[in-house]
Number of protein chains: 2
Amino acid sequence: MKISQKALECNLSPMRKFHPYAVEAENKGKTIYHLNIGQPDIETPPNYYYAIHNFDNPVLAYAASPGMPVLIQAIQHYYDKLGIHFEEDEILITTGGSEALQMLMLSILDPGDEVIIPEPFYPNYNTFVKSAGGVIHPIPTTPEGGYRYAFRKKLEDAYNEHTRAIMFTNPGNPTGVVLTPKELRTIADFAKEHDLYVIGDEVYREFIYGAEDLATIGQFDDIHDNAVIIDSVSKRFSACGARIGAIITRNKELRQNLLKFCQARLSVATLDQIASAALYKVGPEYFDAVRKEYKLRRDTCYKKLLEIPGVVVKEPQGAFYMMAALPVDNADTFQKWLLTDFDDNGDTVMFAPGEGFYATPGKGLNEIRIAYVLKQDKLERAMDLLALGIKKYNETH
Amino acid sequence: MKISQKALECNLSPMRKFHPYAVEAENKGKTIYHLNIGQPDIETPPNYYYAIHNFDNPVLAYAASPGMPVLIQAIQHYYDKLGIHFEEDEILITTGGSEALQMLMLSILDPGDEVIIPEPFYPNYNTFVKSAGGVIHPIPTTPEGGYRYAFRKKLEDAYNEHTRAIMFTNPGNPTGVVLTPKELRTIADFAKEHDLYVIGDEVYREFIYGAEDLATIGQFDDIHDNAVIIDSVSKRFSACGARIGAIITRNKELRQNLLKFCQARLSVATLDQIASAALYKVGPEYFDAVRKEYKLRRDTCYKKLLEIPGVVVKEPQGAFYMMAALPVDNADTFQKWLLTDFDDNGDTVMFAPGEGFYATPGKGLNEIRIAYVLKQDKLERAMDLLALGIKKYNETH
């Protein structure tokens, strides 16, 4: 029985690679501090549940394929408040940002077409690009350079005749890098000159800890046909289980083709759309509180990392991740050892080893991604466990 | 800006083609009887809503990528009652049967690979097969032959070195054809001999109006690696808006590759999974009542069609669709005329013209699909409108 070449080229999630060892450690009574998965612990605004409780149609019917007007209008209004206007038909609702990415890649890539993506990047990009027959062309970055990538020279070096798009998470997963307005403009110019789609995966938009305003690739008037925003309620409202996302673009031809995929899967879940529309009713005080909480956590992680001898890390400005190079020979081996051979009073820690975030073989071997999705006291303990683990690991290896 | 070749080869839904004319007709005050869309009017079992109301986790988190145990176990139990046992890891939860089909095609098809599908078929198969780079190789059928397709000779004629799978909806959409146990075995043997996946899209399984037992391609012990069931709660429980489906297969290698796509999109909506698990608590009296209602409707449609001179139709045994050849030159032109130039006391009718259900150019031009999703009185009126429309159309054309 044949498996497709494109499926064989995809991988299982590197974030879940150590799950069996974690189960074993827990069965032995260890407590694991999880910094490995981007599942926030913040409460979902109760608007979500209220809206679902108020639904009273006895038939749970299909919604319209492009999305329900109530949700499209809620998103439209959200962007209006950011100062960027989209027409209703420029917003297509999807089953999470994931379906948005899958549909988009199928709509723009033929076998051999390339997408420029700065590495390290969100590992699931691999599956979306490869399943469409495409190839990821990485932009190299370094821990020492704080993983910044939006330089003219780096972009030009990654470009060739097969290039169709440039895609990035901004604010960045796994790096926490936030593009400056100048960097965003550099990318926009590059896309415009080469007729490339410029795909901003902006699902962490609100999570910025510097002086920056919310920025989006949708803000430029001269790249309307190039720009595509991937959006989601998952992180914005800590509603990962809603599976509600969106593709937003002013490119009409692209939308017409995306609509074929929207129609083929009929619709996005009805109740989740209605409830997600209600999420957009939260006020700015919600985002202020969440941002303040994550900024404290970011500060804690960063400070604790700086105290560990040999760690290379620059202060990240956004999302709820940071990437760092550790003074260990191999982060995979180290993670496994933390689960099988290490504990401090019965406690150990998990992070996501860096290799899976790179397309270039051999890169990221001593790097890790930390998701700071735990409350302050747990986060401090987790970072102390990391420091202690590094020390003990290097004494015994 | 480039659109992919595979997206260009896909089409917008033929079921929605006449939507603009319908809107115009309604704006002029016409009442339209909709037999064009497979959205049932049956009430969703309230278990769905109760389960959601009882959810009290303040964080709406991601579910496990392969699906939530509560739903997997509910489906496992449902099949146990059919006399077919699947292990929990042989059931992968998907966002509707649609995502199941999309993931499956991406997992098994490379460019040029063929899938044998009897035509007429569910039009969205086109998008799922083509977006994976595949080609639909149709098995021809006829209205006079009641659209039956499961004959050894027909299967062999469609086979070649590029064939990877045979796929069918059973009970059939758009034809209402239900495979006999002997026909199902013929297909199983064919798949086994040629090492093909045999994909049974069985989302209408309960909707059968003859003496048959519920049948499934999963019932044969000698094709465990070949058989794949596509399943869904949409029609079974009139819960189309839940977007909950499943891929069920004993083929371990296939599952391992499907899991890559499950992980890439992280999870299926959490509340919809919990609520769908509760749907499986309905007793056999639920299905008996629904089956009885649809059987009455099927009888009404079929009787009314037989009364129209020149219509070719055989009694369908399942789903809630039937396909018929009409005594008109072109069903597309006829449908448009019904919306723009016809009414009887302000009423008109919509169905789905047949051409969009065929892969072979020029086939199905005078055929239509009727979805009998209206209550008896409305259904009778709709069928009378169809008869009257045919008469008047032929008088004026």
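Residues numbered from 1 in each chain as written. Chains lettered and ligands numbered in written order. Predicted model: local features only at pLDDT ≥ 70, side-chain atom pairs only at ≥ 80, totals over all residues.

### Side note on the relation of the copies chain B and chain A
Part 1: Once turned by 180° and shifted 0.0 Å along the axis, chain B lies on chain A with an RMSD of 0.0 Å. As the rotation angle and translation indicate, the two copies are arranged about a two-fold axis. Looking at the rotation axis and the C-alpha trace of chain B, the residue lying nearest is B:His53, at 3.2 Å.
Part 2: Comparing interface residues between copies, 100% of those in chain B also lie at the interface in chain A; the contact surface is shared. (Least-squares fit on C-alpha atoms with pLDDT ≥ 70 in both. Contact = placed C-beta atoms within 7 Å.)

### Overview of the domain arrangement of chain A
Residue and element names in this part refer to chain A.
Part 1: Splitting chain A by domain gives domain 1 (5–43 + 285–396) and domain 2 (47–279).
Part 2: Taking the mean C-alpha position of each, domain 1 and domain 2 sit 26 Å from one another.
Part 3: Opposite the 39 residues of domain 1 that make contact, domain 2 presents 33 residues.
Part 4: Going through the elements one at a time, helix H1 (5–9), helix H11 (284–306), strand S9 (321–325) and strand S12 (367–371) are the ones with two or more residues in the side of domain 1 that touches domain 2.
Part 5: Classifying every residue of the side of domain 1 that touches domain 2 gives 19 nonpolar, ten polar and ten charged. (Domains from an automatic or database assignment. Helix = DSSP H or I, 4+ residues; strand = E, 2+ residues; numbered from the N terminus. Nonpolar A, V, L, I, M, F, W, Y, C, P; charged D, E, K, R; others polar.)

### With respect to the sheet that holds strand S4 (residues 135–139) of chain B
All names here are of chain B.
Part 1: Taken in spatial order, the seven strands of this open sheet run S2-S8-S7-S6-S5-S3-S4, and their pairing is mixed. Of all strands in the sheet, those with a lone pairing partner are strand S2 (91–94) and S4, marking the two edges. Across the sheet, the axes of successive neighbouring strands diverge by a mean angle of 25°, strand direction being ignored.
Part 2: Where strand S7 (residues 227–232) meets strand S8 (residues 245–249), five bridges bridge the pair, whose relative direction is antiparallel. Paired with serine 232 across the strands is glycine 245, a residue of S8.
Part 3: Packing against the sheet, helix H4 (residues 69–82) makes contact with S2 and S8, and its axis sits at approximately 120° to S2. (Pairing = 2+ DSSP bridges. Axes fitted to C-alpha atoms, helices over the stretch in contact; angles between N-to-C directions.)

### Some remarks on unusual backbone geometry
With the exception of glycine, the majority of residues adopt a negative phi angle, and the majority of peptide bonds are in the trans configuration.
Part 1: In this chain, B:Asn170 is followed by B:Pro171 through a cis amide linkage whose omega measures -5°.
Part 2: Note on placement: B:Pro171 falls in the loop between strand S5 (163–169) and helix H8 (181–193).
Part 3: The step from B:Asn173 to B:Pro174 runs through a cis peptide bond, and the omega angle for that step is 15°.
Part 4: By the element assignment, B:Pro174 lies in the loop between S5 and H8.
Part 5: In this structure, A:Tyr147 is a non-glycine residue whose phi angle is positive, near 65°.
Part 6: Of note, A:Tyr147 is situated in the loop between strand S4 (135–139) and helix H7 (152–158).

### Things to note about the interface of chain B and chain A
Part 1: Facing the 69 residues of chain B at the interface are 69 residues of chain A.
Part 2: Mapped onto the side of chain B that touches chain A, the elements with two or more residues apiece are helix H1 (5–9), helix H3 (47–53), helix H5 (96–108), helix H6 (124–131), helix H9 (252–264) and helix H10 (270–279) of chain B.
Part 3: Of all the elements, H9(B) adds the most residues to the side of chain B that touches chain A, at eight residues.
Part 4: Residue classes in the side of chain B that touches chain A are distributed as 30 nonpolar, 24 polar and 15 charged.

### Thoughts on the sheet that holds strand S11 (residues 352–353) of chain A
All names here are of chain A.
Part 1: In spatial order, the strands read S9-S12-S11; together these three strands make up an open sheet with antiparallel pairing. Here the strands that pair on one side only, and so sit at the sheet edges, are S9 and S11.
Part 2: Pairing geometry for S11 and S12, over two bridges, is antiparallel. The partner of proline 353 across the bridge, within S12, is isoleucine 368.

### Here's the deal with the nonpolar core
Part 1: One finds A:Val198 and B:Val198 to be the most contacted residues of the largest nonpolar core, which totals 262 residues.
Part 2: Residues in contact with B:Val198, not counting those within four places in the same chain, are B:Ile166, B:Ile187, B:Ala188, B:Ala191, B:Ile217, B:Ile223, B:Asn226 and B:Ala227. (Core = buried A, V, L, I, M, F, W, Y, C linked by C-beta atoms within 7 Å. Buried ≥ 20, exposed ≤ 12 C-beta atoms within 10 Å, placed from the backbone.)

### Thoughts on the environment of A:Ile217
All names here are of chain A.
Part 1: Its place among the elements puts isoleucine 217 in the loop between strand S6 (197–201) and strand S7 (227–232).
Part 2: With 29 residues separating them along the chain, isoleucine 217 and alanine 188 place their C-alpha atoms 7.5 Å apart.
Part 3: Apart from the residues lying within four places of it in its own chain, the contact partners of isoleucine 217 are Leu184, Ala188, Val198, Gly200, Ala227 and Ile229.

### Quick look at the pairing of S2(B)
Residues and elements named next belong to chain B.
Part 1: Across the two faces of S2 the burial is the same, with Ile91 and Ile93 and Leu92 and Thr94 all buried.
Part 2: Relative to S8, S2 is paired through four bridges, and the arrangement is antiparallel. From the neighbouring strand, isoleucine 93 faces S8, where its bridge partner is alanine 246.

### Considerations on the packing of helix H6 (residues 124–131) of chain A against H9(B)
Part 1: H9(B) packs onto H6(A) with a crossing angle of 120° between their chain directions and a minimal axis gap of 9 Å. Taken as axis vectors, H6(A) and H9(B) run oblique relative to one another. The two elements H6(A) and H9(B) cross, and the hand of that crossing is left-handed. Residues A:Asn124, A:Thr127 and A:Phe128 of H6(A) lie in contact with H9(B), whose contacting residues are B:Lys260, B:Phe261 and B:Ala264. (Parallel < 35°, antiparallel > 145°, perpendicular 65-115°, else oblique. Left-handed = near helix turned anticlockwise from the far one by under 90°.)

### Focus on helix H12 (residues 331–340) of chain A
Residue and element names in this part refer to chain A.
Part 1: Along H12, the residues classified as buried are Ala331, Asp332, Phe334, Gln335, Leu338 and Leu339. Down the axis of H12, the buried side of the element spans an arc of 165°, and every buried residue falls inside it.
Part 2: Turning to H12, the residues buried within the fold contact helix H2 (19–27), strand S10 (347–350), S11, S12 and helix H13 (376–396). (Arc of directions from axis to C-beta.)

### Observations concerning helix H10 (residues 270–279) of chain A
Part 1: Taking burial as the measure, the ten residues of H10(A) include ten buried ones, the bulk of the element.
Part 2: For H10(A), the set of buried residues is A:Thr270, A:Leu271, A:Asp272, A:Gln273, A:Ile274, A:Ala275, A:Ser276, A:Ala277, A:Ala278 and A:Leu279.
Part 3: Structurally, H10(A) contributes buried residues whose contacts are with helix H3 (47–53), helix H4 (69–82) and strand S2 (91–94) of chain A together with H10 of chain B.

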